[in-house]
Amino acid sequence: MALLSVRGLTTRFRTDRGALTAVDDVSFDLDEGETLAIVGESGSGKSVTALSLMRLIAQPAGQIVAGSAMFEGKDLLSLPEEEMRSVRGDRIAMIFQEPMTSLNPSISVGAQVGEPMVLHRGSTWQAAMAKAGELLDRVRLPDARARVNAYPHQFSGGQRQRAMIAMALACQPRLIIADEPTTALDVTVQAQILALLKELTRETGAALILITHDLGVVARYADRVAVMYGGRMVETASARALYRTPRHPYTEGLLASIPRLDQVAGRRLIPIEGQPPDLTRLPPGCAFRPRCRRATAACETTRPALAEAAPGHWKACLNDAA
Amino acid sequence: MPPDAPLLEVADLKVHFPIYRGVIAKQVGAVKAVDGVSFTVNPGETLGLVGESGCGKSTTGLAVLRMLDITAGRVVFDGTDITRHDRAAMRPFRRRIQMIYQDPFGSLDPRMSVAALIAEPMIVHKLAANAAERAERARELLEMVGLRADMASRYIHEFSGGQRQRIGIARALAMKPDLLICDEPVSALDVSIQAQIVNLFQEIQAKFGLTYLFVAHDLAVVRHISDRIAVMYLGRIVEIADRDTLYRAPLHPYTQALMAAVPIPDPEIEATRPQITVQGEVPSALNPPPGCRFHPRCPRAVARCKTEEPQLREATSGQSVACHLV
């Protein structure tokens with residue numbers, strides 16, 4: 001049985017420019033210990049999907065209007081706020097892109113790493129601080145135990161992200177959601193942090209949802225991939241199948257458009273023409289149609305549903321050629 | 001000037017930012033953002049400058065344009081030493097050297113129409129006879145960068161990130177420049193848009209014979225667009241080579257680590273790739289390590305690396321490296 005089972009998740013926002021559906025009928029399953037990458041560009045709905053699952057959508061502008069998310073026998077989307085609070089940071093932990101804005105600058109790092117244990121596990125502060133030192137050591141923060149009482153500004157960007165991971169691990173969550181966890185970091189530090197995250201999830205058996213725009217990161221770390229475009233999931237498959245045989249024209253276009261270190265340099269890139277869609281003015285039919293090289297007349301009127309094109313490989317595209 | 005002379009020559013460039021403390025503002029130190037950098041860029045060529053944050057790649061670009069005070073060294077553009085040029089003397093060079101920024105929204109006035117944004121440099125540098133000629137040229141430039149001529153009356157907030165970058169490029173081209181300094185010009189753009197803009201850079205280079213100094217952190221993009229690449233670390237160039245040599249046979253341990261850290265978008269290749277991760281993070285440029293600046297993170301460092309700073313020297317034809325072990 002899946003650890004997390006999301007069905008028909010739909011989240012809407014009211015904005016100055018009109019209402020928009022940021023996440024539109026998204027469904028997926030996540031197994032124990034699995035790493036799922038949710039890939040997409042800005043406005044694709046990948047981050048809002050994560051925030052919806054954590055019930056961190058800013059209300060009243062944003063509303064989860066439909067769907068369910070079954071996790072350990074509970075529907076996260078209909079749980080009373082009180083109960084949801086006991087899930088967050090305990091059973092499900094989240095890691096954000098910019099650790100400086102998610103860490104409290106006036107509280108020591110050790111206290112922030114230890115806090116979930118006090119809140120969720122009834123631990124004493126003394127025990128929590130000792131455990132925080134262990135956790136910081138485990139995420140290989142240099143001089144961890146000596147720096148339990150240090151403040152976030154005394155840490156480098158990579159060290160802060162290590163502290164965020166330590167905090168996420170505090171209550172041994174079954175699911176970690178990491179939203180662009182290394183986008184703000186340099187490439188050598190990115191490699192360190194992602195390798196650490198992967199190693200720790202393997203050791204603890206926690207599942208990981210990795211939200212990213214970087215197709216290289218996905219290839220290195222994900223077991224399975226879900227590609228989002230215009231608020232909808234357009235393709236999902238195992239990482240190997242998706243890269244070997246991309247079946248949605250958007251996925252295919254993305255993979256063809258990026259320069260790769262292992263290929264002959266200088267050949268002309270094949271871009272996806274046009275712009276990502278404006279969610280307040282989505283075209284009827286397929287959101288990708290205006291940019292799609294394979295679009296037919298039917299794509300203008302029919303919004304394709306996610307359908308299984310090969311075992312375990314789903315795509316939302318009317319075109320059968322791919 | 002002989003035909004094979006470089007368009008841009010940077011020799012032992014140093015840009016230090018002094019740090020003052022106390023009421024009498026006594027200088028207590030300096031951030032050595034760029035600390036002895038030398039390279040040349042030939043006409044029509046693209047030199048990529050790569051490195052992580054704080055390596056000095058952007059500062060180098062700004063210093064070439066003389067937008068920062070140069071502490072020491074020389075910048076020679078098309079045979080003229082512009083290191084100590086004052087504002088008036090710099091003016092013709094401010095036309096010939098143009099800068100493309102990461103975020104064109106921050107560099108373009110939101111109260112000016114696109115036509116006015118593109119026409120402004122033509123007025124400043126007297127590049128068109130009259131308003132009609134400027135307007136005509138603005139429309140031409142918009143089409144050249146892949147926008148529609150009728151977009152000239154719109155304002156910058158009406159455009160997406162990729163379109164704004166196109167407008168930034170059109171404005172730069174309006175000056176008929178020789179050298180474009182591109183500072184992370186695609187890193188703020190969505191993946192699907194990056195390829196469009198990279199292709200545009202290559203098209204206009206071929207069309208106008210432009211020379212590029214392309215500053216970026218994305219190795220795959222830099223490799224794609226550059227003829228030669230300089231890898232920077234903490235204010236110094238650690239390796240410089242032609243593109244294919246650098247990626248086929250990187251010699252500096254930092255270049256090797258940097259390339260190993262970049263994942264290749266193919267899970268099957270990634271599964272078999274050795275995962276070498278260099279430890280630690282880039283130290284502060286305020287207090288760089290003695291000897292080789294990379295030695296605290298270098299997996300191969302020996303005693304000599306801790307005391308003696310390696311100099312950049314040619315290791316193979318067209319490939320120079322600053323490492324004691326090569």
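About the criteria used
Residues numbered from 1 in each chain as written. Chains lettered and ligands numbered in written order. Predicted model: local features only at pLDDT ≥ 70, side-chain atom pairs only at ≥ 80, totals over all residues. Heavy atoms only, no water. Contact = heavy atoms within 4.5 Å. Buried area = accessible area lost by both parts, 1.4 Å probe. Salt bridge = Lys/Arg side-chain N within 4 Å of Asp/Glu carboxyl O. Polar contact = N/O pair within 3.5 Å; in protein donor to acceptor, adjacent residues only side chain to side chain. Helix = DSSP H or I, 4+ residues; strand = E, 2+ residues; numbered from the N terminus. Buried < 20%, exposed > 50% of the residue type's maximum accessible area, 1.4 Å probe, protein only. Axes fitted to C-alpha atoms, helices over the stretch in contact; angles between N-to-C directions. Parallel < 35°, antiparallel > 145°, perpendicular 65-115°, else oblique. Left-handed = near helix turned anticlockwise from the far one by under 90°. Nonpolar A, V, L, I, M, F, W, Y, C, P; charged D, E, K, R; others polar. Core = buried A, V, L, I, M, F, W, Y, C linked by side-chain atoms within 4.5 Å.

A. Representation of the interface of chain A and chain B. The partner chain B presents 45 residues to the 44 residues of chain A that form the contact. For the chain A and chain B pair, buried surface summed over both sides reaches about 3,900 Å², with 56% attributable to carbon and sulfur atoms. In terms of surface lost to chain B, no three residues of chain A exceed Thr188, Arg220 and Leu261 of chain A, which account for 20% of the buried area on that side. One can count 4 salt bridges joining chain A with chain B. The closest approach of N and O atoms between Glu268 of chain B and Arg244 of chain A, which form a salt bridge, is 2.9 Å. Taken together, chain A and chain B are joined by 24 residue pairs in polar contact (both at pLDDT 80 or more).

B. Structural context of the pattern of salt bridges. Residue and element names in this part refer to chain A. In the structure shown here, the tally under the stated rule is 39 salt bridges over all chains. Residue Glu72 is joined to Arg91 by a salt bridge in which the shortest nitrogen-to-oxygen separation is 2.7 Å. Separated by 19 residues along the polypeptide, Glu72 in the loop between strand E4 (62-71) and strand E5 (74-75) and Arg91 in the loop between helix H2 (81-87) and strand E6 (92-95) bring together distant segments of the chain. Arg91 sits in the partly exposed class, given a relative accessible area of 24%. Of the charged contacts in the structure, one is a salt bridge between Arg121 and Asp90, with a shortest N-O distance of 2.5 Å. A residue pair is termed long-range when its members are at least 10 positions apart, and Arg121 in helix H4 (residues 109-121) and Asp90 in the loop between H2 and E6 qualify at 31 residues. The network of salt bridges with common partners includes Arg55, Glu81, Glu82, Arg85 and Arg88.

C. Region of interest: the packing of helix H6 (residues 157-169) of chain A against helix H7 (residues 187-204) of chain A. All names here are of chain A. Interaxial distance between H6 and H7 falls to 10 Å at its minimum, and their mutual angle equals 10°. In terms of their interaxial angle, H6 and H7 are classed as roughly parallel. Once H6 is placed against H7, the crossing between them reads as right-handed. Taking contact as the criterion, the partners of Gly158, Gln161, Arg162, Ile165 and Leu169 in H6 are, on H7, Val189, Gln192, Ile193, Leu196, Leu197 and Leu200. Tallied by class, the residues present in the contact of H6 with H7 amount to 7 nonpolar, 3 polar and 1 charged.

D. Examining the environment of Thr211 of chain B more closely. All names here are of chain B. Topologically, Thr211 is positioned in strand E8 (residues 211-216). Thr211 sits 10 residues away from Phe201 along the chain, and the two C-alpha atoms are 11 Å apart. In terms of polar contacts, Thr211 uses its side chain to reach the backbone amide nitrogen of Gly44, at 2.8 Å.

E. Seen up close, the packing of H4 of chain A against helix H5 (residues 125-138) of chain A. Residues and elements named next belong to chain A. At their nearest, the axes of H4 and H5 sit 8 Å apart, and the two run at 115° to each other. H5 is crossed by H4, and the crossing has right-handed handedness. Contact with H4, carried on its side by Val109, Gly110, Ala111, Val113, Gly114, Glu115, Met117 and Val118, involves Trp125, Ala128, Met129, Lys131, Ala132, Leu135 and Leu136 of H5 and no other residues of that element. Taken together, the residues of the contact of H4 with H5 break down into 11 nonpolar, 2 polar and 2 charged.

F. Expanded view of the nonpolar core. Residues Ile118, Ile169, Leu180 and Phe201 of chain B are the most contacted members of the largest nonpolar core, which totals 69 residues. Considering every element that reaches this core, the biggest residue donor is helix H7 (residues 191-208) of chain B, with 7 residues. In this structure, Phe201 of chain B is in contact with Ile100, Ile169, Leu180, Cys182, Pro185, Tyr212, Phe214 and Ile225 of chain B, ignoring residues within four places of it in sequence. The next biggest cluster of nonpolar side chains, apart from the first, holds 39 residues, and it includes Leu135, Phe155, Ile193 and Leu196 of chain A.

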